[in-house]
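Working through the structure, step by step
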Amino acid sequence: MITTDVENYPGFSEGIQGPDLMVEFRKQAERFGTEFLEEWITHVDLQQRPFTLYTDDKIIKADALIIASGASAKWLGIPGEAKTPHGFGGNGVSACATCDGPLPAFRNKHLIVVGGGDTAMEEATFLTRYAKRVFVVHRRDKLRASKIMQEKAFRNDKIEFIWNTDVTAIIGTNEQGVTGVDLRNVETGAESVMNCEGVFIAIGHKPNTHLFKGQLDMDAVGYIITNGHSTGTNIPGVFACGDVQDSVYRQAVTAAGTGCMAAIDAERFLDHLPIELPSGEEVTIEGEHITPDRKLIITPDGEVIPNEPEAALVEE
Ligand SMILES: Cc1cc2nc3c(=O)[nH]c(=O)nc-3n(C[C@H](O)[C@H](O)[C@H](O)COP(=O)(O)OP(=O)(O)OC[C@H]3O[C@@H](n4cnc5c(N)ncnc54)[C@H](O)[C@@H]3O)c2cc1C
């Protein structure tokens, strides 16, 4: 988890620090016998069973795999953006309005949102609940956001747009946090300084899925495709949970929720029960396929059997 203050995780009425929450998660998992291996996976082979995962010096075999590699916010790469103490990340700079917008540091303040897509419009609109004024800084003269999101933002009189402009640096002090930004007009080159107390970078997220490219089905951005009511991917026995398969909610509690789903799905799969794939068909660890309409079972050697109760059971 990359966040520090977590105010909205259920069960912690006073909020909790992200690292402390992770320690609690870990201790609880250890109590149930989880073994931890702290390794960086460099590549995977999901084409053969058991699956193979490679680190720099280890080979790990798995009958079932749960992918929870998360998504990373995209950053501008400008001075002042890095995490404290190297910049103001966590001290006035954020990439998540839902998570950080309600914090006292941003209430009734002048905030900047950088970006021009749906995420930026959503973040800006959300922030107007708490901020005094929200300035959307966009490097073009029109938005990429969908019409409905644009109109919502244009109608909001707390939002002001600054067009054709790049944020080139975030400025502030360790004590006060962010105090302003350096701006540059991309058409005229004119530079200026704008005072503000918070900067939200909203230029999108990148799911950490490059490892699985070409093996798992993904959407255009690279999020792993699961089918919504199961965490199954297109490869039976490979499950995905958390931000790596969720471009919409991206919260700690939803990641934990889908993590619970993935654990139950993997357990079912290892217990020889059918699990659902994004295509709607169900598959067992033995490789039996049940068609999406649940009418036929196709065995690993291609035999097609009607998926009907045994006659004896029907008579009972
Ligand atoms: C600034 C910020 C503030 C936030 N604040 C909040 C908040 O207040 N409340 C809230 O609910 N949510 C908040 N979020 C969102 C929350 O952090 C995420 O939704 C949540 O952490 C997603 O959990 P995850 O397990 O899917 O992924 P992550 O927590 O991102 O974990 C993924 C893990 O996989 C590891 N990994 C990736 N690739 C590999 C590899 N190849 N090999 C080995 N390991 C790998 C990563 O190192 C990381 O440890 C915030 C996010 C940001 C950016």
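About the cut-offs
- Residues numbered from 1 in each chain as written.
- Predicted model: local features only at pLDDT ≥ 70, side-chain atom pairs only at ≥ 80, totals over all residues.
- Helix = DSSP H or I, 4+ residues; strand = E, 2+ residues; numbered from the N terminus.
- Contact = placed C-beta atoms within 7 Å.
- Pairing = 2+ DSSP bridges.
- Domains from an automatic or database assignment.
- Core = buried A, V, L, I, M, F, W, Y, C linked by C-beta atoms within 7 Å.
- Buried ≥ 20, exposed ≤ 12 C-beta atoms within 10 Å, placed from the backbone.
- Axes fitted to C-alpha atoms, helices over the stretch in contact; angles between N-to-C directions.

Brief notes about the overall build of the protein
When helices and strands are counted, the protein shows six helices and 22 strands. In terms of principal-axis extent, the alpha carbons of the protein reach across some 80 × 45 × 40 Å. The long-range fraction of contacts in the protein, counting pairs at least 24 apart against all pairs at least 6 apart in sequence, stands at 50%.

Re the sheet that holds strand β19 (residues 282–283)
Taken in spatial order, the five strands make up an open sheet running β18-β19-β20-β21-β22, and their pairing is antiparallel. The strands lining the two open edges of the sheet, one partner per strand, are β18 (275–276) and β22 (304–306). Sheet topology places β18 next to β19; two bridges connect them, and they run antiparallel. Paired with E276 across the strands is E282, a residue of β19.

Some thoughts on the environment of P85
In this fold, P85 is placed in the loop between β7 (71–73) and β8 (93–94). On a C-alpha basis, the gap between P85 and C260 in space is 35 Å, while along the polypeptide they are 175 residues apart.

Looking at the domain arrangement of the protein
When cut into domains, the protein gives domain 1 (37–71 + 209–275), domain 2 (75–203) and domain 3 (286–316). Placing a centre on the C-alpha atoms of domain 1 and another on those of domain 3 gives a separation of 27 Å.

Here we look at the nonpolar core
Among the nonpolar cores identified, the biggest contains 32 residues, and L111, I112, V113, A124, V134 and V199 are the most heavily contacted of them. Only β9 (110–114), α3 (118–127), β10 (133–137), β12 (165–173), β13 (177–185) and β15 (198–201) provide two or more residues apiece to this core. Not counting the four nearest positions on each side in its chain, V113 is found in contact with A120, E123, A124, L127, V134, V136, F200 and A202. Counting residues in each nonpolar core, the second largest holds 24 residues, with L46, Y223, F239 and C241 among its members.

Comments concerning the pairing of strand β11 (residues 159–162)
With four bridges connecting them, β10 and β11 associate as parallel partners. Pairing of F135 across the sheet is with E160, part of β11.

Focus: the sheet that holds β15
Overall, parallel pairing links the five strands, which are arranged β8-β15-β9-β10-β11 in an open sheet. Two strands in the sheet have a free side with no partner beyond their single neighbour: β8 and β11. With two bridges connecting them, β8 and β15 associate as parallel partners. Within β15, the residue paired with S94 across the bridge is F200. On top of the sheet, α3 reaches β9, β10, β11 and β15; it is set at about 170° to β9, its chief contact.

Observations regarding the environment of L270
By secondary structure assignment, the location of L270 is in helix α5 (residues 252–270). Among the residues examined, L270 registers 13 C-beta atoms within 10 Å and is labelled partly exposed. Ignoring any residue separated from it by four or fewer positions in sequence, one finds L270 in contact with D63, A64 and I285.

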